[in-house]
Amino acid sequence: KKEVKYGQLTELPRQDEAMKKWRSNRFGQFIHWGLYAIPGGIWEGKTYKYAAEFLKSSAGISTATWDSLQYQFNPVKFDAKEWAKMAKDMGVKYVTITTKHHEGFCLWPSKYTDFDIENTPYRKDLLGEFIKAYNEEGIDVSLYYSVLDWHHPDWRYKLNTEEDKAAFERLKAFTENQLLELLERYPTVKGLWFDGTWDQCWKDNGKFSYDLEKKLKEKNPGLIVNSRMRADEYGSRHFDSNGVLMGDYESGYERRLPNPWDVAVTKNDWECCMTIPENQWGYHKDWTLTHIKTSNELIEMLVQCTSQNGNFLLNFGPRGEGNFREKEVKLAKEIGDWMDDNSSVIYNCGYAGLKKQSWGYFTKSSDSDDAINMVVFNKPINGKYRVKLNKGSIIKRAYLLSKPKKSFNLEEIANGEYFLDDVKGKCKDPFVIIIELEDKDSKKFKQKALT
Ligand SMILES: COc1ccc([C@H]2[C@H](O)[C@H](O)[C@H](C)N2C)cc1
């Protein structure tokens, strides 16, 4: 074991109210919005397949040329209230928006740079409007911030020379100033989502990231930061050199999920961030390039995350003029329709402490001890759902969540194991079966224990 002085700040999992709220939220909206949304993956008539927010590098565009996009950023169709309503109807409880992506352009009027919203035709405090509108819909806001900054003259990937080091000291001060500025301007913000922390320069500054996490949490008590923010003094990221998680939740699941049967992952808080195309965070004009996920695929990912104590952060990439493509609006509606009927198996739910079975996923509300949710994605061809609970569990009743809540016939196979006979209830897929257990001190339970 190494002696780690600049690793985890607080004992995890955090049990304070702010973290309990973060955990119960489960479903969030990610928004990637910046200058990259203007070209949308196409430059001088050529379509670049790589992620649209990386167009500057994939098309080899000079910083001067790229940065001049600032003078075209005028989202005349941006309506923060409309965005917040769409998010509310989709069923998200929190949102994370890029305040500054790798390009370095800031969606808020920053004192520390002119490469910001103030110096665009739009001029106004776009981020402020966004936060106000989402908070008014009861949605928690967290801010994405990229440490990596292609625009800033003091960014250095590696610190080879004394000049590099002096420059990066200025970059570190700039970063700290901008983050404290964001927390000062927007005090209702619940979290910070750090990105762009994979380069050597940051890995060489683990103590700085420790001190910065401390300072930000003093400024905004209860603040929640992702593990991607951190390196320890040996350059180990997300987890310190002894494998201890840093930040407040694990944020390594980017466009991927854990194995659905993995139980170890349930020990920590974690979040999976996901794109609708295969790999586009910023707006790309051409969505024919790759598979576009369906609402059923996305709902299954949300349910899987919940079943393993994780959050699901689904990304939307608005156009430069400030509206969403119709496919994104449609998906938000389809997911929202499902959430209208089934959000009780997501909000304030988590790992049920049971092995995953083939028909789908178990989730369990942290408020109830004798109810378990089954979210069905795979209907068995024999029409019976094999359900293996803990030894000694007795099912009192199993019924459809959707009205008229038809009950399933129960056939006990073994101790804590049942077949549920499919009822001919009509309900939309994926559907939910509620398992009600006999509580431990019921006479039926005691009687059963005697046999
Ligand atoms: C493969 O290297 C990557 C992949 C994704 C990213 C960025 C994306 O632009 C998006 O912001 C995602 C959350 N982040 C990890 C950066 C580097």
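Going by the structure above, here's the rest.
We now turn to the structure provided with this report.

1. Overview of the sheet that holds strand 17 (residues 417-421)
- Strand order in the open sheet formed by three strands is 14-17-16, with antiparallel pairing between adjacent strands. Taken across any chain shown, the strands that pair with only one partner, and hence form the sheet edges, are strand 14 (384-388) and strand 16 (409-414). Averaged over neighbouring strand pairs, the angle between their axes works out to 25° when direction is ignored.
- Bridging between strand 14 and strand 17 involves five bridges; their strand directions are antiparallel. Within the sheet, the bridge partner assigned to Lys-384 lies in strand 17 and is Asp-421.

2. Focus on the packing of helix 9 (residues 295-307) against helix 10 (residues 326-342)
- The N-to-C vectors of helix 9 and helix 10 enclose an angle of 50°; their axes lie 9 Å apart at closest approach. When the interaxial angle is binned, helix 9 and helix 10 end up oblique. Where helix 9 crosses over helix 10, the two elements pack in a sense that is right-handed. Residues Ser-295, Leu-298, Ile-299, Leu-302 and Val-303 of helix 9 lie in contact with helix 10, whose contacting residues are Leu-331, Glu-334, Ile-335, Trp-338 and Met-339.

3. A closer look at helix 6 (residues 162-185)
- In this model, helix 6 (24 residues) spans 35 Å end to end at C-alpha, consistent with the 34 Å of a helix rising 1.5 Å per residue.
- By the N-cap criterion, in which a side-chain oxygen at the helix start approaches the backbone nitrogen of a residue two or three places on, helix 6 is capped by Thr-161, the distance to Glu-163 being 3.2 Å.

4. Overview of the site of the ligand
- Taken together, 13 residues surround the ligand, and among them His-32, Glu-53, His-101, Asp-195 and Trp-198 come closest.
- Within the side chain of Glu-53, one N or O atom sits 2.8 Å away from an oxygen atom of the ligand.
- Here Asp-195 contributes a side-chain N or O atom positioned 2.7 Å from a nitrogen atom of the ligand.
- Within the complex, the protein chains bury 81% of what would otherwise be the 410 Å² of accessible surface of the ligand.
- Along the lines of polarity and charge, the residues of the shell around the ligand split into six nonpolar, three polar and four charged.

5. Describing helix 8 (residues 206-219)
- In this model, helix 8 (14 residues) spans 20 Å end to end at C-alpha, consistent with the 20 Å of a helix rising 1.5 Å per residue.
- What helix 8 keeps buried is the set Gly-206, Phe-208, Ser-209, Tyr-210, Leu-212, Glu-213, Leu-216 and Lys-217.
- Close packing links the buried residues of helix 8 with helix 6, strand 6 (191-195), helix 7 (200-203) and strand 7 (224-225).

6. Some details on the nonpolar core
- By size, the foremost hydrophobic cluster in this structure holds 98 residues, and its most contacted members are Tyr-134 and Phe-312.
- Filtering out sequence-adjacent residues up to four positions away, Tyr-134 remains in contact with Gln-29, Ile-31, Ala-80, Trp-83, Ala-84, Ala-87, Val-95, Ile-139 and Val-141.
- In this structure, Trp-359, Phe-362, Leu-420 and Phe-431 belong to the second largest nonpolar core, which totals 22 residues.

7. Remarks on the packing of aromatic side chains
- Enumeration over the complete set of coordinates arrives at 30 aromatic pairs.
- Ring centres of Phe-27 and Phe-312 lie 6.4 Å apart, and the angle between their planes is 20°; on these two criteria the pair is classed as stacked. A residue pair is termed long-range when its members are at least 10 positions apart, and Phe-27 in strand 1 (residues 27-31) and Phe-312 in strand 10 (residues 310-316) qualify at 285 residues.
- For Phe-27, a relative accessible area of 1% translates into the label buried.
- Among the residues examined, Phe-312 registers a relative accessible area of 0% and is labelled buried.
- Look at Phe-78 and Trp-83: their rings are 4.7 Å apart centre to centre, the planes differ by 80°, and that puts the pair in the edge-to-face class. In terms of burial, Phe-78 and Trp-83 fall into one category: buried.
- Residue placement shows Lys-2 over the ring face of Tyr-234; its charged tip is 4.1 Å from the ring centre.
- Positioned above the aromatic ring of Tyr-361, the side-chain terminus of Lys-356 is 4.3 Å from the ring centre.

Cut-offs and rules
- Residues numbered from 1 in each chain as written.
- Predicted model: local features only at pLDDT ≥ 70, side-chain atom pairs only at ≥ 80, totals over all residues.
- Heavy atoms only, no water.
- Pairing = 2+ DSSP bridges.
- Helix = DSSP H or I, 4+ residues; strand = E, 2+ residues; numbered from the N terminus.
- Axes fitted to C-alpha atoms, helices over the stretch in contact; angles between N-to-C directions.
- Parallel < 35°, antiparallel > 145°, perpendicular 65-115°, else oblique.
- Left-handed = near helix turned anticlockwise from the far one by under 90°.
- Contact = heavy atoms within 4.5 Å.
- Expected span 1.5 Å × (residues − 1).
- Polar contact = N/O pair within 3.5 Å; in protein donor to acceptor, adjacent residues only side chain to side chain.
- Near = heavy atom within 4 Å.
- Areas by Shrake-Rupley, 256 points an atom, 1.4 Å probe, with all protein chains shown as cover.
- Nonpolar A, V, L, I, M, F, W, Y, C, P; charged D, E, K, R; others polar.
- Buried < 20%, exposed > 50% of the residue type's maximum accessible area, 1.4 Å probe, protein only.
- Core = buried A, V, L, I, M, F, W, Y, C linked by side-chain atoms within 4.5 Å.
- Phe/Tyr/Trp six-rings, centres within 6.5 Å; stacked < 30°, edge-to-face > 60°.
- Lys NZ or Arg CZ within 6 Å of the ring centre and 35° of its normal.

The values are spatial; any link to function lies outside them.
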